[in-house]
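Per-entry structural report
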Amino acid sequence: MSVSGLAALIRERQPCVVLTGAGVSTESGIPDFRSPTGLWAKFDPLEYGSIEAFRRDPRKVWSFYKPRVAMLTEAEPNPAHLALAELEQLGFVEALVTQNIDLLHERAGSRQVVEVHGSIRTSTCPGCGRRYELAQVLDLLAHADAPACPSCGWLLKPDVVFFGELLAPAAIDRAYELARRARLLLVVGSALEVYPVAGLPLETIGTGGVLAIVNHGPTGFDSQAVLKIDGSAGEVLPQAAAALRPRRA
Ligand SMILES: [Zn+2]
């Protein structure tokens with residue numbers, strides 16, 4: 001199936017909701033988690049990505065997060081992010097649900113973004129509950145290996161969902177509501193392996209919507225998708241957006 005098939009689906013099956021995973025950001029130079037070259041091949045998630053690890057040794061977790069936050073901050077949105085923002089501006093995307101914490105959809109111009117795994121936008125102090133913006137956290141990290149709360153001295157926790165933590169309930173509720181409303185759920189750069197996000201396609205299909213997938217490699221839902229493009233989101237999505245752009249006389 002072709003990009004024109006994808007553009008036709010987006011035009012005909014409204015509202016369209018997009019679900020993105022790590023694959024949409026790899027073209028911005030951000031490593032994914034689960035592939036053989038991904039982050040969790042190098043860092044044991046139980047040692048660096050779990051809430052228990054953070055409670056046990058937050059400094060060790062920050063030794064992993066500090067360079068990661070720096071890298072995410074320096075990364076730029078790629079053509080896939082920009083195309084999704086354009087599709088929203090054109091009225092073809094109602095909202096975007098993302099597993100990514102990197103803020104690149106927002107920086108690309110997407111407005112309706114549901115971040116089910118949280119983001120690096122803020123960090124919270126486990127001691128006093130104060131919340132700090134990314135710029136403040138970067139400021140603290142410029143002078144320390146881990147950011148200590150200026151008010152009480154505890155080490156801040158990034159507001160991303162760690163292993164062993166529940167997803168933000170408001171975000172996941174909104175994601176499920178969007179998936180049920182969607183006549184088209186467009187999955188980009190996710191192998192749909194991680195629940196509860198991997199349950200979203202069933203919500204769409206269960207209410208009469210259809211599923212389209214743009215992903216490198218197989219996903220658990222390929223056989224249930226009306227369209228699957230095995231390819232690069234940064235190439236496919238700009239072509240789809242171009243096909244949907246109004247023609248000027
Ligand atoms: Zn504090």
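Residues numbered from 1 in each chain as written. Predicted model: local features only at pLDDT ≥ 70, side-chain atom pairs only at ≥ 80, totals over all residues. Heavy atoms only, no water.

1. A few points about empty space enclosed by the protein
This model, assessed by the stated rule, comprises two cavities of 30 Å³ or more. The computed volume of the largest cavity comes to approximately 40 Å³. T98, N100, D102, L103, L104, H105, E106, V113 and E115 together form the lining of the largest cavity. At the level of elements, α7 (104-108) and β3 (113-115) are the ones that each hand at least two residues to the lining of the largest cavity. By residue number, the principal contributor to the lining of the largest cavity is α7, which donates three residues. (1 Å grid on protein atoms, 1.4 Å probe; cavity = no way out; pocket = protein on both sides within 12 Å on 5 of 7 lines; lining within 4 Å. Points joined across faces, edges and corners; volume = space filled by probe spheres on them. Helix = DSSP H or I, 4+ residues; strand = E, 2+ residues; numbered from the N terminus.)

2. Describing the pairing of strand β1 (residues 16-20)
Burial within β1 is extensive, with five of its five residues counted as buried. Side chains C16, V18 and T20 of β1 all project onto a buried face; the interleaved residues V17 and L19 project onto the opposite face, where all are buried too. The pairing of β1 with strand β7 (residues 184-188) spans five bridges and is parallel. The residue bridging V18 from the neighbouring strand is L186, located in β7. Pairing analysis gives four bridges linking β1 to strand β2 (residues 95-98), with the strands arranged parallel. Across the sheet, residue V18 finds its bridge partner in β2, namely L96. (Buried < 20%, exposed > 50% of the residue type's maximum accessible area, 1.4 Å probe, protein only. Pairing = 2+ DSSP bridges.)

3. Examining the layout of surface pockets
Which parts of space are left empty comes out when a probe the size of a water molecule is rolled across the atoms. In this structure, the largest pocket encloses a volume near 970 Å³. If one sorts the elements of the lining of the largest pocket by residue count, helix α5 (residues 58-74) sits on top with four residues. Of the residues in the lining of the largest pocket, the class split is 21 nonpolar, 16 polar and seven charged. Counted as a void, the second largest pocket has a volume near 160 Å³. Lining the second largest pocket are I51, F54, R55, P58, T124, C125, P126, W154, L155, K157, P158 and D159. Secondary-structure elements contributing two or more residues to the lining of the second largest pocket are α4 (51-56) and β6 (157-160). Broken down by class, the residue content of the lining of the second largest pocket amounts to eight nonpolar, one polar and three charged. (Nonpolar A, V, L, I, M, F, W, Y, C, P; charged D, E, K, R; others polar.)

4. Structural notes on the pattern of salt bridges
Counted according to the given criterion, the structure contains 12 salt bridges. Of the charged contacts, one joins R121 and E106 as a salt bridge, the two residues approaching to 2.7 Å between their closest N and O atoms. Within this pair, whereas R121 is found in strand β4 (residues 118-124), its partner E106 is found in helix α7, the two being separated by 15 residues in sequence. What makes E106 partly exposed here is its relative accessible area of 37%. Here K228 makes a salt bridge to D230, at a shortest N to O gap of 3.8 Å. (Salt bridge = Lys/Arg side-chain N within 4 Å of Asp/Glu carboxyl O.)

Honestly, it's all geometry; don't read function into it.
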